[in-house]
Amino acid sequence: MRQLSVISICLCSALVLAACSGPTSEEEVERAIQDVIASDEASLNEIMLSVADPNEAAAYYRRLLSEQPDRIDYQRGLGTSLVRAKKSVEAAAVWRNVTQHPLSNNDDKVDYADALIRAGEWDEAEVVLDSIPPTIETYKRYRLEAMVADSNNEWDHADSFYETAVGLTTKPSSVLNNWGYSKLTRGDFQDAERLFFEALNYDRDLFTAKNNLVLARGAQRNYKMPVIEVSQVERAQLLYTLALSAVKQGDITIGKGLLQDAIDTHPQHFEEAVRSLRALESNISN
């Protein structure tokens, strides 16, 4: 209803402007109206694909597609909204249809591969990426190529793709975090630590990089908190992560101390840490 009101206001404005400018043909009035409608629709689409609730956005695009099923921009909007709503299987099905549309392009294939990876369909995602010409050199394409190479344990290829992806964006924090996690799983803890620090240089609020950083340090039996900007809650959670790393490696006394630090640091009751400490003390006493 609100959308119709906005469009109505814009149409009235267009007609007033047309009337004020002197004699105007019906074609010019119609063209002005269509320009206003297109502009309003573009603004609404931008909102739906960014700040709107993803489930509401998906419902919005489904409604549009029920009226105009061949509009590829609506299909893309639905696929993007489903990805944002974490409905990856549905999103992959939508993006598959998009890639079969006469107006589809290679960027649509990249988005299809992204949805497939989110749905756990790694082999199919690799096939889709292989079908994209090598001349398509985008950040998203190389980030996905790196992730697929990771899944195949093709470390040299993964490193090359990650490095290329980092160079193709001004906001590389998430891909640096992914690259660091790849290094972490390979046991290259020092390089992983460096990449997590680098990710935080670009985005100091990226908690996954902070958590992965203490995992990399803990794997080297370095249980000191890194010098990074954290909130009180984040500090408690990172101390908890370090504690679990210490316990996993047999450093029980250190782990107990870190658990207690996490409990003392958290501004509220830290149930997970309390439960872990009690379990640890119970095992020791037995």
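Up top you'll find the structure we're talking about.
Residues numbered from 1 in each chain as written. Predicted model: local features only at pLDDT ≥ 70, side-chain atom pairs only at ≥ 80, totals over all residues. Heavy atoms only, no water.

Student: Just to check I follow, could you spell out the packing of aromatic side chains for this structure?
Tutor: For any two aromatic rings, the description comes down to two numbers: the centre-to-centre distance and the angle of the planes. Counting across every chain of the model gives four aromatic pairs. Ring plane angle 75° and centroid distance 5.0 Å describe the contact between Tyr 60 and Tyr 61, whose orientation is recorded as edge-to-face. We classify Tyr 61 as buried; its relative accessible area is 1%. Taken together, a centroid distance of 5.4 Å and an interplanar angle of 55° make the contact between Tyr 240 and Phe 270 tilted. Here Tyr 240, found in helix H13 (residues 232–248), pairs with Phe 270, found in the loop between helix H14 (252–265) and helix H15 (271–285); they are 30 residues apart in sequence, far enough to count as distant. Across the pair, exposure class does not vary: Tyr 240 and Phe 270 are buried alike. Note that Arg 71 overlies the ring of Tyr 74, its terminal NZ or CZ placed 4.1 Å from the centroid. (Phe/Tyr/Trp six-rings, centres within 6.5 Å; stacked < 30°, edge-to-face > 60°. Buried < 20%, exposed > 50% of the residue type's maximum accessible area, 1.4 Å probe, protein only. Helix = DSSP H or I, 4+ residues; strand = E, 2+ residues; numbered from the N terminus. Lys NZ or Arg CZ within 6 Å of the ring centre and 35° of its normal.)

Student: Got a minute to help me understand H13 in this structure?
Tutor: Every α-helix carries 3.6 residues per turn, so stepping three or four residues along brings you back to the same face. Over its 17 residues, H13 extends 25 Å from the first C-alpha to the last, a length consistent with the 24 Å expected when each residue adds 1.5 Å. At the exit of H13 stands Gly 250, carrying a positive phi of roughly 90°. (Expected span 1.5 Å × (residues − 1).)

Student: Sorry, what's going on with the pattern of salt bridges here?
Tutor: Any two side chains of opposite charge can pair, so long as their charged atoms come close to each other. Inspection of the entire model under this criterion finds 19 salt bridges. For Asp 114, the salt bridge is made with Arg 118, and the minimal N-O distance between the two is 3.0 Å. Of the two residues, Asp 114 and Arg 118 are both situated in helix H6 (residues 106–118); the distance of four residues between them amounts to about one turn of the helix. For Asp 114, a relative accessible area of 5% gives the class buried. With a relative accessible area of 47%, Arg 118 lands in the partly exposed category. (Salt bridge = Lys/Arg side-chain N within 4 Å of Asp/Glu carboxyl O.)

Student: What exactly am I supposed to notice about the environment of Leu 242 here?
Tutor: Residue position: Leu 242 is located in helix H13. The sequence separation of Leu 242 and Ala 262 amounts to 20 residues, and the corresponding C-alpha distance is 9.6 Å. Setting aside residues no more than four positions away along its own chain, Leu 242 makes contact with Val 214, Gly 218, Asn 222, Tyr 223, Lys 224, Met 225 and Leu 258. (Contact = heavy atoms within 4.5 Å.)

Student: Quick question: what am I supposed to make of the packing of helix H3 (residues 54–67) against helix H4 (residues 72–84) here?
Tutor: Angle between the axes and distance between the axes: these two values describe a pair of packed helices. Axis separation between H3 and H4 bottoms out at 8 Å; the angle between their running directions is 155°. As far as their axial angle goes, H4 and H3 are roughly antiparallel. In this structure, H3 meets H4 at a crossing whose hand is left-handed. Where H3 abuts H4, its residues Pro 54, Ala 57, Ala 58, Tyr 61, Arg 62, Leu 64 and Leu 65 lie against Tyr 74, Gln 75, Gly 77, Leu 78, Ser 81, Leu 82 and Arg 84. In terms of residue class, the contact of H3 with H4 is built from nine nonpolar, three polar and two charged. (Axes fitted to C-alpha atoms, helices over the stretch in contact; angles between N-to-C directions. Parallel < 35°, antiparallel > 145°, perpendicular 65-115°, else oblique. Left-handed = near helix turned anticlockwise from the far one by under 90°. Nonpolar A, V, L, I, M, F, W, Y, C, P; charged D, E, K, R; others polar.)

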